[in-house]
Amino acid sequence: MSHAVTIEEPQAQPQVSQTQYRARSRAGNHISSNRAYDFLYDPLFIVSSEKDHTQANIQATLIRSRLRKVPRFKTMFSNLIHYPRYSLYWSKSDPVPPFISREWKGHEERHREALRQLAITDTSFQMPREVYEDPEVTGKNRYKYFERPFLPFFQQMPFNVVYAISKAEPYTFPPTSTKHLSIPSKSTVGTQTDYRDADVQTDPYSPEYVVCQDSIPELLTLATLTWGRGLPAGQAEVEMIERAREKRAWEATLPALSDTSQFEKRRKMMNEMERKEWAFREQEIEKLQEIRLEVLKELLRKREENQNKVNMKHLNARWSKLQEAKEAKMAKIQRTHVSTIRKLVGKGKNIEGKLERRNIIKDYSDYASQVYGPLSRLGCFPDNNSEDFVVKNYYLNTYEGLVELESRLPDFVTQPRIRAPKPKVITTKAGFLKRAARLDYELAEVHKALLDKKNKVLEARKPPRFLQRNPIPQPRLPTPTLEMTSNEEEEIEMAVIYLQKLLRGRVVQNMMFEGKEKRLELIQELRTCHALQEDENLVKKAEKQVTLALQRQKNLHEHKVSLVENHLAGLEGRALADMFDFLSKELVRLQEERRIHAFVMLAERQRRVREAEESGRRQVEKQRLREEDEIFKEVVKVHHSTISSYLEDIILNTEANTAEEQARAEIEKMAEKINDIAYEMESRRTYLQSEEIVAELVYSFLIPEVQKYFVKEKVRNAQRKHILAAHQIIHSYTESMVQKRLTEGQQDEASNAAMLLEKETQNENNS
C-alpha cells in the first residue's frame, strides 16, 4: 500500500543511509593495508562500534611495526646464536601526531542522536544548528562525487513520496582559495554522484509530526516500516495491515476487564483468537518450509548441473587428450611405415649388398639427384629463409616505377641504332692468312667431314658366299607367377579339390572290397582255426586274472609302504627344514650383527674425526675472533687518536685565529697611538734621533729572527732522534707479536693433528 504524500521540506540536508556508512566502512577496511591510520584521519571512514575502532587501532599498530633492528658493532658479521648480529628495540617515536584524537568518532554521533531524540520529546528544546563545511565539489574533492555508471537493465521505479520544491535560502559557500586554480569544465561521457538514488539509495526524508491528544492515527502503526524493510509496501505488508485492523476491531469487541460476569466469555474469545493465530503461524511456517524446499531443490538441481558440466568438461578434456595421443601415435606409425618402406625400397635396389662408390658424374647429370634437390629429412633445407633474398623494388614491381625507370634511360636503349657490319679482315698486310682465320678454316673442314660421315647412306649387305650356322639361344625357364583370383573362383577350386578327394577315397574302398571278395575262402578258414583255440584262450584268461590279482595285492602293499615312507620322510624333512631355517636365521643375524657393529665402529670413527675437525675449526674461529678483536681495538684506538688530534687541531686553529684577531685589534690600537706619537715625534726630532731609531729597529727585528731560526733547527734535530727511536720500538714489537701468534697457531694445529692420529690408532687397535 503506497501513498503519494506531498510534504513541505524546510531544510533538506543530504542524509547518508546506513548502507552508505557500511559501504564506506568496507572501502576503508579494503585500503587499511596501505593506509593504516585512515580511521583517525579520514572523516568519511566510519567504523560501526568502539570495538571495531579498537581492532583497527591494533591492526595499524601491528602493520606499522615500531620494532627496530639495531646492529651490534662487535658481532656485526657473526652467524652464531649466542653472538647475535643485532638487537631489537622498541621505537618511542609515534607515527600519529599528539594533536590527533585517538577516540572513537561514534560518541559524537550518539550525542547528536540523543539531542535529536530530546528535541522530539521536548518541544521547548532548541536543536543546535549544524554548520556544514565546504565540500569543495569543484575543487580537491571533485573525484569523490563522480563515477562512470553501469546500469544496462535499470528501470526507474515510481516514487512513493513526492517532495515539494524547497524554498530555503541557497547555501553560500566561502570563497575558494586562490592557491588552487579551478579546473575548466570538460565534456564527460557519463557521470554519477554519490547521492544518486540508482547507485546508493538514501532514506527518504520524513518530516516531524505532532499527535493530538486522545487520538491514535492509524498511520502511526506503520512507523516500524522503513525504506527497504516494508516500504514500498507489497502484498505481505497489505495482508499484515488487514490483520492488524481485524485484531483492533476484535479488541474493541472484547468485554471489559471490570465486568466479572463476562470474564468467561472474554477467556473463550481470547482462546479462539489464540488458536487462529497459531493456525496462521503454522501456515506461515509451512509456506516458509515449502519455499526453503523449493530453494533447496533449485540448489540441488544447480549443483547437479554444475557437477554434470564439470564431468563433461573432464570427459571432453580426457577425450581430447586421448585423441591427441591417438593422432600422435598414428602419425608416428605413419612415419615409421614410410621410413620402413623407404628402407625396403633401398635394400631392394641393392639385393646383393655390394658397396657402391658415389658416381659424381651421374649425380650432376641427373637433375633429380641430391645435388640439385636435396631432401629435408637428410638435414638440408635449401629454401629456408628464401624470402630474405627476394628483391622488392618499387621500380620493378609497379607500373609507375617501370615508367619512371624507362623515362630515366638514355635514348640509345629505347631507340636502337642499326649499323652495317664491316667485312672481316682475315689476311695480313703481307697477304698471309691470320692464325685465327686458319683455325676457323680447319674447324669448318672437320665439321663438314663429320656431317658427311653422319649423313652417309649405308650400302646393302651382300649375300654370303658360303653357308653359316646361326647359334640358337637356350630357352629361358618360365617365371612362376601367382594370379590373384576372386572369391568365387577360389570357392570353385576348393570344391573341385574336395570332389577329387572323395573320388580317390571311393576308388581305394572299391579296391579293398574286390580284394575281400577274392580271398573270402581264406578268411573263413582262419575263422574255423580261431574257434578251436577258444579253450586255450579261456585257460590263459584265468591265469591272467590270477596274475592280475597278485599284481594288484603287490601294488597295494607297495602303496602302503610308500605312504609310510613318505610320512616318515615328511617328518624328517620338516625337522631338517626347521633346523636349517633356524641355522640360516642365526647366520643372517650374526652377519647383520657384525655388519651393524662395523657400521657403529665406522660411525664412531667418523664422529671422532668430525669432532676433531670441529674442535680445530673452533680453535681457528676463536683465534680469528681474537685477531678481529685486536684489530678492532687497534682500529678504535686509531679512530680515537685521529678524533682527538682532529679536535686538538680545530681548537688550536680557533685559538690561533682568535688570538690573531685580538692581536690585530690591539696592534691596530697601539699602531694608532704609536702613529700619533710618531707623527708628533717626527715633527720634533732631529737627524741624529732618526739614525738612532733606525739602529734600534734593526737590532730589535733582524737579530731575534735569526736566533729564532737557529732554535727551530735545534728542536727539529732533537725530535728526529726521538721519532726514529719510537718507530723502531713499535715495528719490533708488532713483528714479534705476529711471529709469536703464527708459531702458536702452528703448534696448536700440530698438537690437534697428533691427538687425532693417536685417537685413530687407538680406535683401530680396539676394533
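Please read all numbers here as calculations on a predicted model, not as lab measurements. (Residues numbered from 1 in each chain as written. Predicted model: local features only at pLDDT ≥ 70, side-chain atom pairs only at ≥ 80, totals over all residues. Heavy atoms only, no water.)

**Considerations on the overall build of the chain**
Counting its secondary structure elements, the chain contains 15 helices and six strands. Per-residue burial over the chain gives 7% buried out of 767 residues. About 72000 Å² of surface is accessible on the chain, with carbon and sulfur atoms providing 59% of the total. (Helix = DSSP H or I, 4+ residues; strand = E, 2+ residues; numbered from the N terminus. Buried < 20%, exposed > 50% of the residue type's maximum accessible area, 1.4 Å probe, protein only. Areas by Shrake-Rupley, 256 points an atom, 1.4 Å probe, with all protein chains shown as cover.)

**Focus: the packing of helix α5 (residues 235-253) against helix α6 (residues 263-349)**
One can describe the packing of α5 onto α6 by two numbers: an axis separation of 11 Å at closest approach and a directional angle of 170°. As judged from the angle between their axes, α5 and α6 are roughly antiparallel. As for how α5 packs across α6, the hand of that crossing is left-handed. For the pair α5 and α6, contact is made by R243, K247, W250 and T253 and by M269, M270, M273, E277, F280 and E284, respectively. Per-class residue counts for the contact of α5 with α6 are five nonpolar, one polar and four charged. (Axes fitted to C-alpha atoms, helices over the stretch in contact; angles between N-to-C directions. Parallel < 35°, antiparallel > 145°, perpendicular 65-115°, else oblique. Left-handed = near helix turned anticlockwise from the far one by under 90°. Contact = heavy atoms within 4.5 Å. Nonpolar A, V, L, I, M, F, W, Y, C, P; charged D, E, K, R; others polar.)

**Re the confidence of the model for the chain**
Close reading of the predicted structure is inappropriate where its pLDDT is low. Of the residues in the chain, 81% reach a pLDDT of 70 or more, and the chain-wide mean stands at 77. Least confident of the elements in the chain is strand β1 (residues 6-7), whose mean pLDDT is 33; most confident is α6, at 91. Confidence over residues 1-32 falls short of pLDDT 50; this stretch has 53 contacts with residues more than four positions distant or in other chains. A low-confidence stretch, residues 150-184 (pLDDT under 50), is modelled with 30 contacts involving residues beyond four sequence positions or located in other chains. (pLDDT = per-residue confidence, 0-100.)

**Some details on the packing of aromatic side chains**
What the rule picks out here adds up to five aromatic pairs. Between Y367 and Y372, the ring centres sit 4.9 Å apart and the planes meet at 45°, which makes this aromatic pair tilted. Exposure remark for Y367: the relative accessible area of 66% places this residue in the exposed category. Exposure remark for Y372: the relative accessible area of 40% places this residue in the partly exposed category. A ring pair is formed by Y394 and Y395, whose centres lie 5.5 Å apart and whose planes are at 70°; its orientation type is edge-to-face. Chaining the aromatic ring pairs together yields one cluster made of Y364, Y367 and Y372. (Phe/Tyr/Trp six-rings, centres within 6.5 Å; stacked < 30°, edge-to-face > 60°.)

**Comments concerning the side chain of D363**
Mapping D363 onto the fold places it in helix α7 (residues 360-365). There is a polar contact of 2.9 Å between the side chain of D363 and the side chain of R358. Ignoring anything within four residues of it in the chain, the contact list for D363 reads R358, S369, V371 and Y372. (Polar contact = N/O pair within 3.5 Å; in protein donor to acceptor, adjacent residues only side chain to side chain.)

**Observations concerning the nonpolar core**
A36, Y37, F39, L40, F45, V47, A56, A60, V96 and W104 together form the largest nonpolar core, which totals 10 residues. When residues of this core are traced back to their parent elements, those giving at least two are α2 (38-41) and α3 (50-63). Excluding its chain neighbours within four sequence positions, the residues that come into contact with A60 are A36, Y37 and F39. (Core = buried A, V, L, I, M, F, W, Y, C linked by side-chain atoms within 4.5 Å.)

**A word on the pattern of salt bridges**
For the structure shown, the criterion picks out 21 salt bridges. Between E660 and R664 there is a salt bridge, with its nearest N and O atoms 2.7 Å apart. Taken together, the residues E660 and R664, both in helix α14 (residues 534-684) and four residues apart, mark about one turn of the helix. For E660, a relative accessible area of 37% corresponds to the partly exposed category. Between E713 and R716 there is a salt bridge, with the nearest N and O atoms lying 2.9 Å from each other. In this pair, E713 and R716 are both assigned in helix α15 (residues 687-766), three residues apart and thus about one turn of the helix distant. In this structure, a network of salt bridges that share partners links the residues E604, R607, R608 and E611. (Salt bridge = Lys/Arg side-chain N within 4 Å of Asp/Glu carboxyl O.)

**A closer look at the UniProt feature "coiled-coil region" (unreviewed entry) in the chain**
UniProt feature "coiled-coil region" (unreviewed entry): in the numbering of this structure it lies at residues 653-680. The annotated region residues 653-680 carries 100% helix and 0% strand content, and the separation between its end C-alpha atoms amounts to 39 Å. (UniProt positions renumbered as here; feature names shortened; annotations may be inferred.)

**Side note on a nonpolar patch on the surface**
Together, I677, M681, I693, V694, L697, V698, Y699, F701, L702 and I703 line one region of the surface with nonpolar side chains, adding up to about 990 Å² of accessible area. Elements with a minimum of two residues in the nonpolar patch: α14 and α15. Here the nonpolar patch takes eight residues from α15, the largest share from any one element. Considering the arrangement of structural elements, one finds I703 in helix α15. (Patch = residues over 30% accessible without salt bridge, like charges linked within 9 Å, V, L, I, M, F, W, Y side chains within 5 Å.)

**Structural notes on the side chain of E237**
You can see E237 is positioned in helix α5. Of the side chains bearing the opposite charge, R243 lies closest to the buried E237, which forms no salt bridge; the N-O distance is 9.6 Å. Engagement of the side chain of E237 in a polar contact is seen with the backbone nitrogen of G234, the distance being 2.9 Å. (Lys, Arg positive; Asp, Glu negative; His and termini not counted.)

**Here we look at α6**
Between its first and last C-alpha, α6 extends 126 Å over 87 residues, near the 129 Å set by a 1.5 Å rise per residue. Looking at α6, one finds that the buried residues are R266, M269 and M273. Buried positions along α6 lie against α5. (Expected span 1.5 Å × (residues − 1).)

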